[in-house]
Amino acid sequence: MYRIVNGNITNLVIQLNVSQKDERGLLGIAVTGNGESKQDDRLVFLYYTYCPKIKADVNNTSQGCGNYVYRYKFDTENSKLIEPKLILTLPALPGPSHNGGVLELDKDENLYVTIGDLQSTRFNKNQTGYDTTAQNIVNGTPPDGRAGILRLTPDGKPIGNGLLGDKYPLNLYYAYGVKNSFGIGIDPTTGTVWDTENGPQFGDEINLVEPGFNSGWEKVQGIWKLNQTKSKNEIYDESSDDIKLEDFNGKGKYSSPEFVWDKTVGTTALLFLASDKLGSEYENDIFVGSVKNGVIYHFDLSNDRKSLSLTGDLSDSVLNRKDNAGQITFGENFGIVTDMEVGPDGYLYIVSGNRGTDAGAIYRIAANLDDSPE
């Protein structure tokens, strides 16, 4: 992890031994304060995968293969992370895909953590021993931390008694039924949570994530029911009872996506642009990054900010091949967009990578006095 000041890499803040196969790695970061607290009060949270290079069995928890969230204190004098504290241990098997790893803090500095179902991207099918009720396997094993959005205190404790149940780790779940998520954002005006989610070969999603939200995986993806091979079936009708979704005794509730890509683009970061530096027309709007063609999408919200404001051929909330994606395209050719943030100067910062190479960049999207992009 490096610290960058005024466009210059200053020093190595910390170096960690992490696994790097497929979607494993150093995956998430969150920093307290949002520029308001003193530097010497800052806490830094990191999410990473570590799996020793030894053979793992189905029920392995003792060999150390897991996803871990650590909390550090930032030493301003030496620009180092110190006093590491492990606050959350999550599964990483069977893997190596769908680790999620995005971290986000709300105004009360509660920590939100995304994690997928940890199934292999190559097969996209259940592997024996990893079917939990958090994946809507109604007769599955109890949730073990996978396939959801978790919420915890800075010390790693549940908030209250939990939304879906009071047993650990079920009491950490804020949402469940998540195949995988590389993006989570909190609306600065309402405090509501939104996320992006990845489908198999179809059905990438943007969701309004209310407390206890069920995203539907492994029974529903996008707007479609799934068959036994997780392929697209007919459109899912919530009023029908032909598919049984887990509701944790009525505490969880399925809600359909606010937007769906018919053919997957690999949605990644989700950001609310809490700034007017790019013009009032973008202030507090949603920006979504992607893998395919490095496209950044832009969405206006409805007046009540509970849905997206969509018109024309996108008014059905589904982007099909024949539809005009230009009406929601903000930029493109940014490589693989792995993160987006509003900088202390109010401008949009984009972290870009390229698969299979060490090349990457951080872009700043500013504006000239005539409001043309820079």
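The structure this text deals with has already been given above.
Caption draft 1: Just the pattern of salt bridges, in detail. With the rule as written, the count across this model stands at 9 salt bridges. A salt bridge links Arg 71 to Asp 155, with the nearest nitrogen and oxygen atoms 2.6 Å apart. Placement of the pair is Arg 71 in strand E5 (residues 66-75) and Asp 155 in the loop between strand E9 (148-152) and strand E10 (173-176), with a sequence separation of 84 residues. Take Asp 155: its relative accessible area is 40%, and that puts it in the partly exposed class. Its salt-bridge partner being Arg 364, residue Asp 345 comes within 3.2 Å of it at the nearest N-O pair. Residue Asp 345 is located in the loop between strand E25 (336-342) and strand E26 (348-353), and its partner Arg 364 is located in strand E27 (residues 360-365); the two are separated by 19 residues in the primary sequence. Residue Asp 345 is classed as partly exposed on the basis of its relative accessible area, which comes to 22%. For Arg 364, a relative accessible area of 40% puts it in the partly exposed group.

Caption draft 2: Examining the state of the cysteines more closely. Under the criterion given, the structure shown has 1 disulfide. Paired through a disulfide, Cys 51 and Cys 65 show a sulfur-sulfur distance of 2.1 Å. Between Cys 51 and Cys 65, the S-S dihedral sits near 55 degrees, and the bridge is therefore right-handed. Pair noted here: Cys 51 is in the loop between strand E4 (43-50) and E5 and Cys 65 is in the loop between E4 and E5, with a separation of 14 residues, a long-range link.

Caption draft 3: Just unusual backbone geometry, in detail. Note that the residue after Leu 93, namely Pro 94, is joined by a cis bond; omega there is 5 degrees. Secondary-structure assignment places Pro 94 in the loop between strand E6 (80-91) and strand E7 (103-105). At the junction of Trp 217 and Glu 218, the peptide bond is cis and its omega measures out at 20 degrees in the coordinates. Its place among the elements puts Glu 218 in the loop between strand E14 (213-214) and strand E15 (220-221). You will see that Glu 83, though not glycine, has its phi angle at about 55 degrees, which is positive. Note that Glu 83 resides in strand E6. Under the relative-accessibility criterion, Glu 83 is labelled exposed at 55%. Residues other than glycine seldom take positive phi values, yet Asn 249 does so here, at roughly 55 degrees. Mapped onto the secondary structure, Asn 249 falls in the loop between strand E17 (232-235) and strand E18 (253-254). Taking relative accessible area as the criterion, Asn 249 reaches 78% and is therefore assigned exposed.

Caption draft 4: Structural detail: the side chain of Asn 198. Looking at the secondary structure, you find Asn 198 in the loop between strand E12 (193-197) and strand E13 (202-209). A polar contact of 2.8 Å, which involves the side chain of Asn 198, links it to the backbone oxygen of Thr 267. Leave out the neighbours within four places in its chain, and Asn 198 touches Lys 179, Asn 180, Ser 181, Phe 182, Asp 204, Gln 221, Gly 266 and Thr 267.

Caption draft 5: Summary view of the sheet that holds E4. Spatially, 4 strands are ordered E3-E4-E5-E6 in an open sheet, and the strand pairing comes out antiparallel. The sheet is open, and its two edges are formed by strand E3 (26-31) and E6, each paired on a single side. Neighbouring strand axes in the sheet, compared pairwise and without regard to direction, differ in orientation by 20 degrees on average. Direction of pairing for E5 relative to E6: antiparallel, over a ladder of 9 bridges. For Lys 73, the partnering residue across the bridge sits in E6 and is Ile 82.

Caption draft 6: Structural view of the pairing of strand E21 (residues 286-290). Counting buried positions along E21 yields 5 of 5 residues, so the element is predominantly enclosed. On E21, burial covers both faces: Ile 286, Val 288 and Ser 290 on one face and Phe 287 and Gly 289 on the other are all buried. The sheet contact formed by strand E20 (residues 267-272) and E21 spans 4 bridges and is antiparallel. In the sheet register, Leu 270 faces E21, and the bridge partner there is Val 288. Inspection of the sheet shows E21 paired to strand E22 (residues 296-299) by 3 bridges, in the antiparallel sense. Note on E22: the bridge partner recorded for Val 288 is Tyr 297. The hairpin turn running from E21 into E22, its antiparallel successor, is 5 residues long, and Asn 293 in that turn takes a positive phi close to 60 degrees.

Caption draft 7: Spotlight on empty space enclosed by the protein. Applying the stated criterion to the full structure yields 1 cavity of 30 Å³ or more. When its volume is computed, the largest cavity comes out at roughly 40 Å³. Every residue lining the largest cavity is listed: Arg 151, Ile 159, Gly 162, Leu 163, Asn 171, Leu 172, Tyr 173 and Tyr 174. A per-class count over the lining of the largest cavity returns 5 nonpolar, 2 polar and 1 charged.

The rules behind these values
- Residues numbered from 1 in each chain as written.
- Predicted model: local features only at pLDDT ≥ 70, side-chain atom pairs only at ≥ 80, totals over all residues.
- Heavy atoms only, no water.
- Salt bridge = Lys/Arg side-chain N within 4 Å of Asp/Glu carboxyl O.
- Helix = DSSP H or I, 4+ residues; strand = E, 2+ residues; numbered from the N terminus.
- Buried < 20%, exposed > 50% of the residue type's maximum accessible area, 1.4 Å probe, protein only.
- Disulfide = S-S within 2.5 Å.
- Polar contact = N/O pair within 3.5 Å; in protein donor to acceptor, adjacent residues only side chain to side chain.
- Contact = heavy atoms within 4.5 Å.
- Pairing = 2+ DSSP bridges.
- Axes fitted to C-alpha atoms, helices over the stretch in contact; angles between N-to-C directions.
- 1 Å grid on protein atoms, 1.4 Å probe; cavity = no way out; pocket = protein on both sides within 12 Å on 5 of 7 lines; lining within 4 Å.
- Points joined across faces, edges and corners; volume = space filled by probe spheres on them.
- Nonpolar A, V, L, I, M, F, W, Y, C, P; charged D, E, K, R; others polar.

Everything listed is a geometric property; what it means functionally is a separate question.
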